[in-house]
Amino acid sequence: RVSRQARQRSKMAEKRAFGIPARSRQAGSWLVAAAVVLGLLSVADARPLVRNVKTNTEFKKLLKHHAENTGLPVVVDFYSDGCGPCRQIAPHYIKMAEQYKGRVVFAKVDINANRETASQQQISSMPTFQFYLFGKKRDQFSGADTNRINNMLQTLSRESQMKNVEVTHEALKTFYSEHAPEKMMEMDDAKLQAILTKAGPTGGPGHYALSNALKKKYGKAPKTIARSVPAAPGDAKDAKGDAKGKPAAPPGSSGKESKKEAGGPPKPNLHLASSEELQAEIQKRQEAEEAKREEEATDDDDVPTIPIWEAKSRPQVETVVIVGSGPAGLSAAVYAARAGLRPVVIAPPMGGQLQGKGVGVENYPGVNGTTGPALVQAMQMQAAQYGTVFEQELVESIDVSKRPFTIKTNESTIQAHSVILATGADSRWLGVPGEWEHRGGGVSSCATCDGFLFADRDVVVIGGGDSAMEDAMVLARTSKSVTVIHRRDAFRASKVLAERVLNHPSITVVWNTQVLVFEGRKVRVLPNGMQLTLNEDGSLIEEDFSKVRVKELKARLDAGGISYNGISDKENLVDLIRKSIAEAAAPDEDGTVGMVDERQMLTRVRTKDLTTGEEKTIEVHAAFVAIGHDPNTKMLAKQLKMDTNGYLITTGGSTVTSVEGVFAAGDVADHVYRQAITSAGTGSMAALDAERWLSTQGHCTPAAAAAAAAAVEVVGSREGIMLRIGLKYGCCMASSAVRRSWWS
């Protein structure tokens, strides 16, 4: 039993903790329990840094909420787990989400799981980033360009802060009374409210435009306040809202509390709520919390991180720098790090050829059932485990004409005593008319990245090697049909891959055929997703809807997210399409226009039979070029010896190049094998060659010296010492401490 004094103390404690007195002795315990539950549920009401948008309805709801209620910019990453650049940009995307927390909303769409949104947004390459502000698409581009993403975030967050204001009813009334008294005589509260409602019921860019318009007309502007931001949809604090879209007052309140400090939602007056209202509020918050838990359970924000290079914690001149982070570069990093050389790997996060392979890796010993990106990530983590650090920037120049060697990136300058070049090779293009114009609009070199975007459509693959066979198999999983175009009468690919392609029911092979030109149509994609066809000069083609079926009209409206409920006849549907196009192209009240994206969309490929000379046209939606690769050696022209194709020339049986201290590994010096396993092998060779060369030059890090000395203490026999030091710690043979230990 509880004494009267104890009950009084309980009431006082409750009032201090929650700011609410008990209504009565009978209701006291219920209110305490309700308040505790509501308090606990509100602790975790924050969403993940990057919201995983699973449905098109959720996508539209997200954009609408932040356009009408918060005014915050929204950036959306369209990605796929099988896309190498997508996986590599993910950690940077999360870091930016942390940096802009509270100023920008970050979201992501897995095109494999949310195909409807990807299709409606006309996504044709990955990763693709879209940027929205006040419901308008402001920019869109493909590729893992962190600098461009960051620049857009800075621009939109500043604009959001500037335009996210509210003109209150009292401020507008005061303004007219002071600066336009004759106008105020014609006004009443209803007319003033109508002006504000037209500008935007909850503030935002409409109120900003209203303020500017009044300043332009009268020389002064009404006072504005920061726009109040209600909770996001599904959050515990979210309320249904009134008819005008403003946050609803809490149960039993008068609504006056909502006029408090801008930016913070009103606190619920639980002491005025009935038990039924409290139960409903608890149920609502529990459902919201459960939804967030499910969302966080599928979120992949916990991508393993790797140690990043920082100038202040590194020596002025690095012992060894490895340029490239494919199997060759990472294998070299593992060997160099285990020898105590503290290597630096410089490469952008996009990765190389293996990073972009979503098919299973079947020909790498000890690896079974994993993909290229997963294998590269495991290599990175292994290299980092032994002391490798990473500078994830694009190398702009390498100077090996003087010592120490200098490597410049777009963010840093690093000097090194030795350099291992593992820059690999880039996809080779055909160089035919229309190829460049349609890249990103149907022409691609990465079937793993972009193939799913053309599901249930006709595609072609151009090439006859292993890469072409792998691309054809990837595309056959999702595409309606795959046509392989090869200029010879037999494949150069391995027998196993070639037989899989030839025996696949969805793949057709066209032999002795050459691609002449890629052709398509020019389209304009409006902010709402509506697509218009253009003439070559950019003028709009007047559409003839007479032969378009009702089903196709509805599909176009669906693509733009436009409701046509209650409309079934063709004439009204056509009118709705034209009206939607006009509205999407019109500027807002503040003069801003959403992004209008013009693209070249591939529709056909013209080919020539090399035997008969006959030309044909193949109707397709996408073409994937897989004709080989060119070595990334242009930045080293006239500095190192190369063959006629640009491959680095190495001394027979080693990785030594024409400049002492510079070593080459992987595809950059291999025009014959070009396999992940051979690249890894030459990577280890390059690390060993570099280690021995550093020994002859007297370069030895303290870590390497300590490792070698420890080896001398552990191994007892002369043979063991020779083996351990000579082969594994060769760079420290010049160390006097090691020599003394050896001879003693």
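Residues numbered from 1 in each chain as written. Predicted model: local features only at pLDDT ≥ 70, side-chain atom pairs only at ≥ 80, totals over all residues. Heavy atoms only, no water.

**Q** How would you explain the overall build of the protein chain if you had to name every residue and give the values?
**A** The helix and strand inventory of the protein chain stands at 22 helices and 25 strands. When the 744 residues of the protein chain are sorted by exposure, 47% land in the buried category. For the protein chain, the share of sequence-separated contacts (at least 6 apart) that also reach a separation of at least 24 residues comes to 67%. Of the roughly 36,900 Å² of accessible surface on the protein chain, a fraction of 51% belongs to carbon and sulfur atoms. (Helix = DSSP H or I, 4+ residues; strand = E, 2+ residues; numbered from the N terminus. Buried < 20%, exposed > 50% of the residue type's maximum accessible area, 1.4 Å probe, protein only. Contact = heavy atoms within 4.5 Å. Areas by Shrake-Rupley, 256 points an atom, 1.4 Å probe, with all protein chains shown as cover.)

**Q** Describe in detail the environment of Val320, supporting the description with residues and values.
**A** Within the secondary structure layout, Val320 lies in strand β8 (residues 317-323). Leave out the neighbours within four places in its chain, and Val320 touches Ala336, Leu341, Pro343, Val344, Ser418 and Ile420.

**Q** Got a sec to walk through the sheet that holds strand β15 (residues 443-444)? Specific residues and values, please.
**A** With parallel pairing, the five strands of this open sheet are ordered in space as β15-β23-β16-β17-β18. What marks the edges here is a single partner per strand, and that holds for β15 and β18 (507-510). In terms of strand pairing, β15 meets strand β23 (residues 622-625) through two bridges, oriented parallel. Bridge pairing in β23 links Ser444 to Phe624. (Pairing = 2+ DSSP bridges.)

**Q** For helix α16 (residues 495-502), give the residues involved together with the corresponding values.
**A** Those residues of α16 not exposed but buried are Leu497, Ala498 and Val501. Buried residues along α16 cover an arc of 100 degrees about the axis, so they all sit on one side. Opposite the packed face of α16, turned more than 90 degrees from it, sit the exposed residues Lys495 and Val496. On its buried side, α16 packs onto α15 (466-476), β17 (481-485) and β18. (Arc of directions from axis to C-beta.)

**Q** Account for the sheet that holds strand β1 (residues 50-52), with residues named and values stated.
**A** Pairing within the open sheet is mixed, and its five strands lie in the order β1-β3-β2-β4-β5. Edge positions in the open sheet fall to β1 and β5 (136-142), since each of these has one partner strand only. Ignoring strand direction, the axes of neighbouring strands in this sheet form an average angle of 25 degrees. Relative to strand β3 (residues 105-110), β1 is paired through three bridges, and the arrangement is parallel. (Axes fitted to C-alpha atoms, helices over the stretch in contact; angles between N-to-C directions.)

**Q** Any details on the pattern of salt bridges? Residues and values, ideally.
**A** In total, this model carries 12 salt bridges according to the counting rule given. Between Glu519 and Arg604 there is a salt bridge, with its nearest N and O atoms 2.8 Å apart. Remark: Arg604 occurs in strand β21 (residues 597-609) and Glu519 occurs in strand β19 (residues 513-525); sequence separation between them is 85 residues. Each of the salt bridges in this network shares a partner with another, and the network as a whole consists of Glu519, Arg604, Arg606 and Glu615. (Salt bridge = Lys/Arg side-chain N within 4 Å of Asp/Glu carboxyl O.)

**Q** Give a detailed account of a positive patch on the surface, specifying residues and quantitative values.
**A** There is a patch of like positive charges on the surface, built from Arg487, Arg488, Arg492 and Arg674. Tracing the backbone through its elements, the reader meets Arg488 in the loop between β17 and α16. (Patch = residues over 30% accessible without salt bridge, like charges linked within 9 Å, V, L, I, M, F, W, Y side chains within 5 Å. Lys, Arg positive; Asp, Glu negative; His and termini not counted. Charge placed at Lys NZ, Arg CZ, Asp CG, Glu CD.)

**Q** Describe unusual backbone geometry, and please don't skip the residues or the numbers.
**A** A cis amide bond links Met126 with the next residue in sequence, Pro127, at an omega value of -10 degrees. Residue placement: Pro127 occurs in the loop between α5 (115-120) and β4 (128-133). Going from Arg403 to Pro404, the amide bond is cis rather than trans, its omega being -5 degrees. Looking at the element boundaries, Pro404 is found in the loop between β11 (395-399) and β12 (405-409). Backbone geometry places Arg342, a non-glycine residue, at a positive phi of 50 degrees. With respect to the helices, strands and loops of the structure, Arg342 is situated in the loop between α12 (327-338) and β9 (344-346). Arg342 gets classed as partly exposed once you look at its relative accessible area, which sits at 36%.

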